[in-house]
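# Breakdown of the fold
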Amino acid sequence: MYKRDIYTIKENKKIAKDVYYMILEGDTSFITAPGQFINIQIDGLYLRRPISISDWDDKAIYIIYKVVGAGTEKMSEMKNGEKLDILTGLGNGFTIMKESDKPLVIGGGVGTPPMYNLTKQLIAQGKKPTVILGFTSKEDVFGEEEFKALGCPVYITTNDGSYGTKGFVTDIIKTLSDYDYFYTCGPQPMLRAVALSTECSGQLSFEERMGCGFGGCMGCSCETLTGNKRICKEGPIMFKEEIKW
């Protein structure tokens, strides 16, 4: 189930290179799981913009987005008090596995935001997650202190080595052995690398351009071992074992 409603911008600020943090006040009752997303209508543009949810409470939705086109550029210029037409409750969200006690939580770039509430929920259930975040360079890094504040170990990688460990998230995974599951979100090459470099099971959140955002247009279908699935409806979260790379 999803809901269309009007939300008010409470805060909109830059936190890294081309990356912004926005607080949206309004109804959050249709958000039920970490990893879900919202779909934002931008005046003058036909298609809504899907943005993952970083966190939420009973009064507001917290999102982090990157300026990559006309829609997100317009969002970056919005002021406190402006209104947005938004669909909420979209996507299936992550399933927290009871049998896993020491999961890896892996975010790549703007795949990092949905991992924040997931990590909060894992800790609340007594799990001991280890967080790995991958970025291109130091100026792209965000979220490190927020994840550390949750009380879990955090590893940062940058492609150019300007901050943290030089390389990719898989370079950190290779150094770790005390984990029993993984959750990840990021660009598809990273998701594939994570899936192939781990022997345990896991869940992957796919980033994809979308038309409607709720399963009506079939524009974001991907191939799995059981047939085509819509990333916006049956996903964006899928289990490692069902992906056909």
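Residues numbered from 1 in each chain as written. Predicted model: local features only at pLDDT ≥ 70, side-chain atom pairs only at ≥ 80, totals over all residues. Heavy atoms only, no water.

### Examining the overall build of the chain
What counts here: Every helix listed is a DSSP run of H or I at least four residues long, and every strand listed is a run of E at least two residues long, numbered separately from the N terminus. In this scheme, a residue with accessible area under 20% of its type's maximum is buried, one over 50% is exposed, and one in between is partly exposed, where area comes from a 1.4 Å probe on protein chains only. Should any heavy atoms of two residues lie within 4.5 Å, those residues are considered in contact. Shrake-Rupley sampling with a 1.4 Å probe provides the accessible areas, and residues are treated as covered by the protein chains on show and by no other component.
Looking only at helices and strands, one finds five helices and 15 strands in the chain. When each of the 245 residues of the chain is scored for burial, the buried share is 51%. Considering only intrachain contacts with a sequence separation of at least 6, the fraction spanning at least 24 residues in the chain is 62%. With an accessible surface of roughly 11500 Å², the chain has 49% of that area assigned to carbon and sulfur atoms.

### Notes on the pairing of strand 3 (residues 37-41)
Operational definition: A pair of strands is considered paired only if DSSP assigns at least 2 bridges between the two.
The buried fraction of strand 3 amounts to four of the five residues, a majority that puts the element mostly inside the structure. Where strand 3 lies against strand 4 (residues 49-56), four bridges are found, and the strand directions are antiparallel. The residue of strand 4 that forms the bridge with F37 is S52. Bridge analysis of strand 3 against strand 6 (residues 83-90) gives four bridges, and the strand direction is antiparallel.

### So, the environment of E99
In this structure, E99 sits in the loop between strand 6 and strand 7 (103-108). When its relative accessible area of 59% is taken as the criterion, E99 is described as exposed.

### Things to note about the pattern of salt bridges
The criterion, for reference: For this analysis, a salt bridge means a side-chain nitrogen from Lys or Arg found within 4 Å of a carboxyl oxygen belonging to Asp or Glu.
Counting across every chain of the model gives eleven salt bridges. In this structure, K3 engages D27 in a salt bridge whose closest nitrogen and oxygen atoms are separated by 2.5 Å. Residue K3 is located in strand 1 (residues 3-16), and its partner D27 is located in the loop between strand 2 (19-25) and strand 3; the two are separated by 24 residues in the primary sequence. Salt-bridge contacts for K127 lead to D101; the nearest nitrogen and oxygen are separated by 4.0 Å. You can see K127 sitting in the loop between helix 2 (114-124) and strand 8 (130-135) and its partner D101 sitting in the loop between strand 6 and strand 7, a full 26 residues away along the chain. What makes K127 buried here is its relative accessible area of 9%. Since its relative accessible area comes to 45%, D101 is described here as partly exposed.

### Describing the packing of aromatic side chains
Convention followed: Only rings of Phe, Tyr and Trp enter the pairing, Trp through its six-membered ring, and a pair is recorded when the two centres are within 6.5 Å. The plane angle decides the type: under 30 degrees is stacked, over 60 is edge-to-face, the rest tilted.
Across all of its chains, the model carries six aromatic pairs by this definition. Aromatic pair Y20 and Y65: ring centres 5.6 Å apart, planes at 15 degrees, arrangement stacked. With Y20 in strand 2 and Y65 in strand 5 (residues 60-66), this residue pair connects regions lying 45 residues apart in the sequence. Judged on exposure class, the residue Y20 and its partner Y65 are both buried. Ring centres of F135 and F142 lie 5.4 Å apart, and the angle between their planes is 65 degrees; on these two criteria the pair is classed as edge-to-face. For F135, a relative accessible area of 4% puts it in the buried group.

### Let's talk about the side chain of S205
Topologically, S205 is positioned in strand 12 (residues 202-206). Apart from the residues lying within four places of it in its own chain, the contact partners of S205 are F94, T184, C185, G186, L191, P236 and I237.

### Some words on the sheet that holds strand 9 (residues 154-158)
Formally: All axes are obtained by fitting lines to C-alpha atoms, using only the stretch in contact for helices, and the reported angles, taken between N-to-C directions, cover 0 to 180 degrees.
Judged by pairing direction, the sheet is mixed, and its seven strands sit side by side in the order 10-9-8-7-11-12-15 without closing on themselves. In the strand order of this sheet, the two ends are held by strand 10 (165-166) and strand 15 (237-239), each with one partner. Relative to strand 11 (residues 181-186), strand 7 runs parallel, the two being bridged by five bridges. Bridge pairing in strand 11 places G107 opposite C185. Contacts from helix 5 (residues 188-197) reach strand 7, strand 11 and strand 12 within the one sheet, and its direction differs from that of strand 11 by about 165 degrees.

### Some details on the nonpolar core
Put simply, the test is: For the purposes of this section, nonpolar cores are sets of buried Ala, Val, Leu, Ile, Met, Phe, Trp, Tyr and Cys residues that join through side-chain atoms within 4.5 Å.
Counting 24 residues, the largest nonpolar core has M115, L118, V131, L133, F147 and Y183 as the members making the most contacts within it. Contributions of two or more residues to this core are made by helix 2, strand 8, strand 9 and strand 11. Contacts of F147, omitting those with residues within four sequence positions, involve T112, M115, Y116, T119, V131, L133, C152 and V154. Of all hydrophobic cores here, the second largest spans 19 residues; its members include L24, I40, I42 and L84.

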